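Listed below, chain by chain, are the residues.
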Amino acid sequence: MTTRGTALVTGVGRTVGIGATVAVDLARAGWDVAISHWSPYDEKMPWGAEPDAQRELADRMTGLGARTTAIEADLSDPAVPARLFDEAERALGAVTALVMCHCEGVDSGLLDTSVVSFDLHFAVNARATWLLVKEFGQRFRGDHGSGRILAFTSDHTVGNMPYGSSKGALDRITLAATHELAHLGVTANVINPGPIDTGWMTPEQRSGVERDTPLGRMGTPQDCANLVTFLCSPEGGWINGQLLYSNGGIK
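Counting restarts for each chain: residues are numbered from 1 in the order of the written sequence. Two thresholds apply to this predicted model, a pLDDT of at least 70 for residue-level local features and 80 or more for giving and counting side-chain atom pairs, whereas whole-chain, interface and lining totals are computed over all residues. As a rule here, side-chain values cover all heavy atoms of the structure and leave hydrogens and water aside.

Visitor: Lay out the pairing of strand 1 (residues 6-10) with the relevant residues and their values.
Guide: Three exposure classes are used, based on accessible area relative to the maximum for each residue type with a 1.4 Å probe and protein chains only: buried under 20%, partly exposed in between, and exposed over 50%. Secondary structure elements follow DSSP: runs of H or I no shorter than four residues count as helices, runs of E no shorter than two count as strands, and numbering proceeds from the N terminus. With five of its five residues buried, strand 1 lies for the most part within the structure. Strands are treated as partners if at least two bridges between them are detected by DSSP. As defined by bridge partners, strand 1 adjoins strand 2 (residues 32-37) across four bridges and the pair is classed as parallel. Among the inter-strand pairings, Ala7 is bridged to a residue of strand 2, identified as Val33. With the strands aimed away from the viewer, a crossover counts as right-handed if its path from the first strand over the helix to the second runs clockwise. Note that the unit made of strand 1, helix 1 (residues 18-28) and strand 2 has a crossover that is right-handed. Bridging between strand 1 and strand 4 (residues 95-100) involves five bridges; their strand directions are parallel. Within strand 4, the position partnered with Thr10 by the bridge is Met100.

Next comes the structure, spelled out in structure tokens:
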């Protein structure tokens, strides 16, 4: 298989998540894939960490013919994005697609969010996004039109204020690359996938989403991966500067 280049996919902590499915789908499409994860984040969440997730994902991707590497990365540290690119380049070569699936996401509203939590959400969801895009723009040397930047967002802010507001900042940062990196021929798009059940939903939440979605089903990580793989392909290269709602038409 001829590789399409190296993709760096952030936020690949578990085998059932959006990031994991995106990474495997890109490997299937011919990309070499570097993945990053931060185990302490998953450990503090209700679903917990998957200690063998990176090994299992590496086996899947190498079985598809891809070269791959996994990097532990605390994206709340402003020094980490540069190190992440350094390690990905050292293992797999220059990064030509950046797919940002990482997040800090702890539910709280206007009245009960702490300053510490607010700052952490913005450090991971907004500042790290800027620093990753900055590194990509400074390092990219690929053919004009071949570079790709993608980020996952959310508009869920009520009762989820630091998450939703920091994701709104992520939107603006990512889409700015459309014009600021135009000289490189890099496309930049944001995907809002709507509710995707990766193990965090209650049965009542699932039923509500299925009821409110015209297609009558949940969105899946594979739905997300299908769009990412298309946007990273040559055929997806004309789509640029867009906030894409890939959510089944949910109300």
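Visitor: Now, about the layout of surface pockets: what can you tell me, with residues and values included?
Guide: As a volume, the second largest pocket reaches approximately 180 Å³. Grid points spaced at 1 Å and placed over the protein atoms alone form the basis of the search, with a cavity being a set where a 1.4 Å probe fits but cannot get out and a pocket an open set showing protein on both sides within 12 Å along at least five of seven lines. Lining residues have an atom within 4 Å of a point. Taken together, Trp130, Val133, Lys134, Gly137, Gln138, Ile173, Ala176, Ala177, Glu180 and Leu181 make up the full set of residues lining the second largest pocket. When residues of the lining of the second largest pocket are traced back to their parent elements, those giving at least two are helix 5 (115-139) and helix 6 (161-180). With five residues, helix 5 is the single largest residue contributor to the lining of the second largest pocket. Class assignment of the residues belonging to the lining of the second largest pocket gives a composition of six nonpolar, two polar and two charged. Grid points are joined across faces, edges and corners, and a volume is the space filled by probe spheres set on the points. Each residue receives one of three labels: charged for Asp, Glu, Lys and Arg, nonpolar for Ala, Val, Leu, Ile, Met, Phe, Trp, Tyr, Cys and Pro, and polar for the others, Gly being one of them.

Visitor: Just give me the short version of the sheet that holds strand 7 (residues 243-245), but keep the residues and values in it.
Guide: Within the open sheet, the seven strands sit side by side as 3-2-1-4-5-6-7. Their pairing is parallel. The strands lining the two open edges of the sheet, one partner per strand, are strand 3 (68-72) and strand 7. Along the sheet, successive strands turn relative to each other by an average axial angle of 20°, direction set aside. Whether two residues touch is decided by their heavy atoms; if any such pair falls within 4.5 Å, the residues are in contact. Convention adopted: a line fitted to C-alpha atoms gives each axis, helices being fitted over their contacting stretch, and angles between N-to-C directions are expressed from 0 to 180 degrees. Sitting on the sheet, helix 6 touches strand 4, strand 5 (147-152), strand 6 (186-192) and strand 7, and the angle it makes with strand 6 is about 155°.

Visitor: Could you give me a rundown of helix 6, with the residues and numbers involved?
Guide: Given the number of residues in a helix, its expected span is that number minus one, multiplied by 1.5 Å. If you check helix 6, its first and last C-alpha atoms are 29 Å apart, about what 20 residues at 1.5 Å a residue would give, namely 28 Å. Looking at helix 6, one finds that the buried residues are Met161, Pro162, Tyr163, Gly164, Ser166, Lys167, Leu170, Asp171, Thr174, Leu175, Ala177 and Thr178. Buried residues along helix 6 sit in contact with strand 4, helix 5, strand 5, strand 6 and strand 7.

Visitor: I'd like a description of the packing of helix 4 (residues 80-92) against helix 5, backed by residues and values.
Guide: Interhelical geometry of helix 4 versus helix 5 gives an angle of 45° and a closest axis separation of 9 Å. The angle between the axes of helix 4 and helix 5 places the two elements in the oblique class. Our pair here, helix 4 against helix 5, has a crossing hand that is right-handed. Taken together, the residues of helix 5 that come into contact with helix 4 (itself represented by Pro81, Ala82, Leu84, Phe85, Asp86 and Glu89) are Ala128, Leu131, Leu132, Glu135, Phe136 and Arg139. Residues that form the contact of helix 4 with helix 5 fall into these classes: eight nonpolar, no polar and four charged. An angle counts as roughly parallel when it lies under 35 degrees, as roughly antiparallel when it exceeds 145, as roughly perpendicular when it falls between 65 and 115, and as oblique in every other case. Handedness of each helix crossing follows the sense of rotation of the near helix against the far helix: counterclockwise by less than a right angle gives left-handed, clockwise gives right-handed.

Visitor: Lay out the nonpolar core in plain terms, naming residues and giving numbers.
Guide: The nonpolar side chains of soluble globular proteins are, as a tendency, buried together. If you look at the biggest cluster of nonpolar residues, it comprises 29 residues, and the most contacted ones within it are Val9, Leu26 and Val99. Those elements that place two or more of their residues in this core are strand 1, helix 1, strand 2, helix 3 (53-63), strand 4, strand 5 and helix 8 (221-232). Residue contributions to this core peak at seven residues, all from helix 1. Ignoring any residue separated from it by four or fewer positions in sequence, one finds Leu26 in contact with Ala7, Val9, Trp31, Val33, Val99, Val228, Thr229 and Cys232. We define a nonpolar core as any set of buried Ala, Val, Leu, Ile, Met, Phe, Trp, Tyr and Cys residues linked to one another through side-chain atoms lying within 4.5 Å.

Visitor: If you had to explain the packing of helix 1 against helix 3 to someone new, which residues and values would you point to?
Guide: Remark: helix 1 packs on helix 3, axes separated minimally by 8 Å, with the N-to-C direction vectors making an angle of 20°. One way to sum up the angle between helix 1 and helix 3 is to call them roughly parallel. Crossing geometry of helix 1 relative to helix 3 is assigned as right-handed. In this structure, helix 1 contributes Ala20, Ala23, Val24 and Ala27 to the contact, and helix 3 contributes Leu57, Arg60 and Met61. For the contact of helix 1 with helix 3, a count of residues per class yields six nonpolar, no polar and one charged.

Visitor: Can you tell me about the state of the cysteines, naming the residues and giving the values?
Guide: Throughout, disulfides are identified as pairs of cysteine sulfur atoms within 2.5 Å of each other. All told, the structure shown has zero disulfides when counted by the stated rule. Unpaired in terms of disulfides, Cys103 finds its nearest cysteine sulfur in Cys101, a separation of 9.6 Å. Take Cys232: it sits in no disulfide, and the sulfur closest to it among the cysteines is that of Cys101, at 10 Å. Cys232 gets classed as buried once you look at its relative accessible area, which sits at 4%.

Visitor: Just give me the short version of the pattern of salt bridges, but keep the residues and values in it.
Guide: A pair can form between side chains of opposite charge whenever their charged atoms are brought close. Whenever Lys or Arg places a side-chain nitrogen within 4 Å of a carboxyl oxygen from Asp or Glu, that contact is recorded as a salt bridge. Counted by the stated rule, this structure contains 14 salt bridges. In this structure, Asp52 engages Arg55 in a salt bridge whose closest nitrogen and oxygen atoms are separated by 3.9 Å. Take Asp52: its relative accessible area is 45%, and that puts it in the partly exposed class. Here Arg55 ties to Asp59 by a salt bridge, and the two come within 3.5 Å at their closest N and O atoms. Of the two residues, Arg55 and Asp59 are both situated in helix 3; the distance of four residues between them amounts to about one turn of the helix.

These results come straight from atomic positions and should not be treated as a statement about function.
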